[in-house]
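Chain by chain, the residues:
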Protein chains: 2
Amino acid sequence: MNLPKKITIWEVGPRDGLQNEKVHLTLEQKAELIQLSVDAGLKNVEVGSFVSPKAIPTMADTDQLCALLPQVEGAKYRGLIFNLKGLQRGEKAGLKACELTISASRGHCLANMNKTPEDAVQSFKEVIEYANANNIYLNGAVATVFGCSIDGKVPFEQVASVLKALHTLGMRDLTLADTTGMANPKQVYEYSCRVQELFPDIKWTLHFHNTRGLGLANVLAGMQAGITSFDTAYAGLGGCPFAPGASGNIATEDLVNMCNEMGIETGVDLDKCIKLGYRVEEIIGGTRSSSILRAGKCSDIVKKH
Amino acid sequence: MNLPKKITIWEVGPRDGLQNEKVHLTLEQKAELIQLSVDAGLKNVEVGSFVSPKAIPTMADTDQLCALLPQVEGAKYRGLIFNLKGLQRGEKAGLKACELTISASRGHCLANMNKTPEDAVQSFKEVIEYANANNIYLNGAVATVFGCSIDGKVPFEQVASVLKALHTLGMRDLTLADTTGMANPKQVYEYSCRVQELFPDIKWTLHFHNTRGLGLANVLAGMQAGITSFDTAYAGLGGCPFAPGASGNIATEDLVNMCNEMGIETGVDLDKCIKLGYRVEEIIGGTRSSSILRAGKCSDIVKKH
């Protein structure tokens, strides 16, 4: 079994996790959770998004939040954006990195951005030029890569076409996202192998939701295909707007536990990560879809007896 | 990615799923769920156990339940046993197959059977002789293979020693069980490869709990190692006595969904399997740890839009 020695985790709880929560966190609560994340060794954090406050009210204060980010060595923060306006808000807020997002599927892209994927990529030109000119690191996130709630299965050719357009514009850091929780390990392995063959100079990250219980199996498949960077959300926040009650993003603590058990380095302290998860649950006033927060670590169970 | 074309599922909901439930099902409810399982194509069913009613009261009526099993072509039923007394109860109840169980770890075996694994295997001689003489098919289930709540990690050598003793006694159909939900995919892959190398004439089944969210990732690892038979429980019943509130066995519908999405045959109708899961939840009056019962199939989500 071909597995990496080390992986990188991007904590996307502050953005993908909190964006659809009914409980709106205060600025101080958001900042506290980011502080706890960084303390736990989760030094790559997607802190929020710069989108219309009307569309996603929970993210309206991302600009102010940026002023409260812990300035720790090695910490990397980014904000999610759709366009130049978002990038400029991120820049003004002091961020050194942003994530430009697009959907691979036509249906989702039209619904989300009111543009076809092809038109959306063209509109990225000015964003990329601005980022380059102003020294802001830009990565791309491609949504609905493994399935779309509108179009269903998204053929690899459709995905590859969007990736090629992004590559042509100079993007070399891309995240493939299973927005709808429709990915399966076989597909993840195949897509991961193929994108690396087609675009060997791109740095890849995978973003899974655990909607159908396949989150960690999909990570395993991605790892076996050579991918070493993954998005997760504290306490398994995230949910799926298309399936109310379903699980959210992969829980950060679940992935860290899996890696610890398999001897794969993450740089994250699992105990601190678990404390972070409990604090998230305390603030949102409920539980989501973390396994480790319910079961504890393997070693905890053994200690009890 | 090396994957099988087809796998076999053993539905263990009636035994491992229901045994620790607070709600005690009536005989009729138990029989109804087995009927629905068989109707869904889950023709291999562990119907209950023949153990002390004091130890596990929910299984006290397994003898009577056997009289209510649907007599369908291809259906295979078995009961879990610890000793000759259990086997004889199974025989009297009309079962053609039983599963003899033992723990790989010393601590768990002593706590559960009041015997060391070595002594327990010796006591199996009479069980195996009786089964052979009376034409009852016997498979073995080895608990705590991947970790023990008392002993912690169980070295492969300890597992192999118990497997060898069972092999010497003539057993050729063994289930490796992750009783405590401590298995990880790397370990599953390695153990699965090694047991097949050591005992190529044994037919293997893997039994996972989803305690730490790794159930399906562990199945994936087992499949890649060439194992094609897995235990699951309807609606994800099962729980973990050492971690209250944790997930149970892998949910049958979650594994069937994963296989469907990956093009692996199970012989199970996912829609009927989902209906079975909802009926289980209706009877127990709550939800456990099924993903598909919350999220629906991928195709359902697409249809809604």
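See the structure shown above.
Described in the following lines is the structure provided in the data block. The model shown is predicted, which means the values in this text are computed figures rather than measured ones.

Cut-offs and rules
- Along each chain, the written sequence defines residue order, and numbers are assigned to residues from 1.
- Chain A is the first chain written and ligand 1 is the first ligand written, with later ones labelled in order.
- Where local features are concerned, this predicted model is filtered to residues with pLDDT of at least 70; where side-chain atom pairs are given and counted, the filter is 80 or more; whole-chain, interface and lining totals use all residues.
- Excluding hydrogens and water, the side-chain figures rest on all heavy atoms present in the structure.
- Only the six-membered ring of Trp is used, alongside the rings of Phe and Tyr, when aromatic pairs are assigned; centres must lie within 6.5 Å, and planes under 30 degrees apart are stacked while those over 60 apart are edge-to-face, with the rest tilted.
- Helix numbering and strand numbering both begin at the N terminus, where a helix is a DSSP run of H or I of at least 4 residues and a strand a DSSP run of E of at least 2.
- A simple rule labels every residue: compare its accessible area, found with a 1.4 Å probe on the protein chains alone, to the largest value its type can have, and call it buried under 20%, exposed over 50%, or partly exposed in between.
- Expected span of a helix: the number of residues minus one, times 1.5 Å.
- Should any heavy atoms of two residues lie within 4.5 Å, those residues are considered in contact.
- Polar contact is defined as a pair of N or O atoms within 3.5 Å, subject to the rule that within protein one atom must be able to donate a hydrogen and the other to accept it, and that residues adjacent in sequence are counted only when both atoms are side-chain atoms.
- Summed over both partners, buried area is the accessible surface (1.4 Å probe) that two parts give up on being assembled.
- Salt bridge criterion: a side-chain nitrogen from Lys or Arg within 4 Å of a carboxyl oxygen from Asp or Glu.

**Some remarks on the packing of aromatic side chains**
Residue and element names in this part refer to chain A. Taken as a whole and assessed by the stated rule, the structure comprises 8 aromatic pairs over all chains. Measuring from centroid to centroid gives 5.5 Å for Phe146 and Tyr191, while their planes differ by 25°, and the two rings are stacked. Taken as a pair, Phe146 in the loop between β5 (137-143) and α7 (156-168) and Tyr191 in helix α8 (residues 185-198) lie far apart in primary sequence, 45 residues in all. Each member of the pair, Phe146 as well as Tyr191, carries the same accessibility label: buried. Taken together, the aromatic side chains of Phe146, Phe156, Tyr191 and Phe208 make up a single cluster linked through ring pairs.

**Brief notes about helix α11 (residues 270-284) of chain A**
Residue and element names in this part refer to chain A. Between the first and last C-alpha of α11 there are 21 Å, a value that for 15 residues agrees with the 21 Å anticipated at 1.5 Å per step. Along α11, the residues that are buried comprise Leu270, Cys273, Ile274, Leu276, Gly277, Val280, Glu281, Ile283 and Ile284. Buried residues along α11 sit in contact with α2 (27-39), α10 (252-262) and α12 (292-295). For α11, the capping residue at the N-terminal end is Asp269, with a side-chain oxygen 3.0 Å from the backbone nitrogen of Asp271. Looking at the residues trailing α11, positive phi occurs at Gly285, about 70°.

**Describing the interface of chain B and chain A**
Residue-level contacts link 43 residues of chain B with 43 residues of chain A. Buried area between chain B and chain A, summed over both chains or domains, comes out near 3500 Å², and the portion from carbon and sulfur atoms is 67%. In this structure, the connection of chain B to chain A is made through 2 salt bridges. Its salt-bridge partner being Glu261 of chain B, residue Lys153 of chain A comes within 3.2 Å of it at the nearest N-O pair. Counting only elements with at least two residues in the side of chain B that touches chain A, the list comes to α8 (185-198), α9 (215-224), α10 (252-262), α12 (292-295) and α13 (298-304) of chain B. In terms of residue count, the dominant contributor to the side of chain B that touches chain A is α9 of chain B (5 residues).

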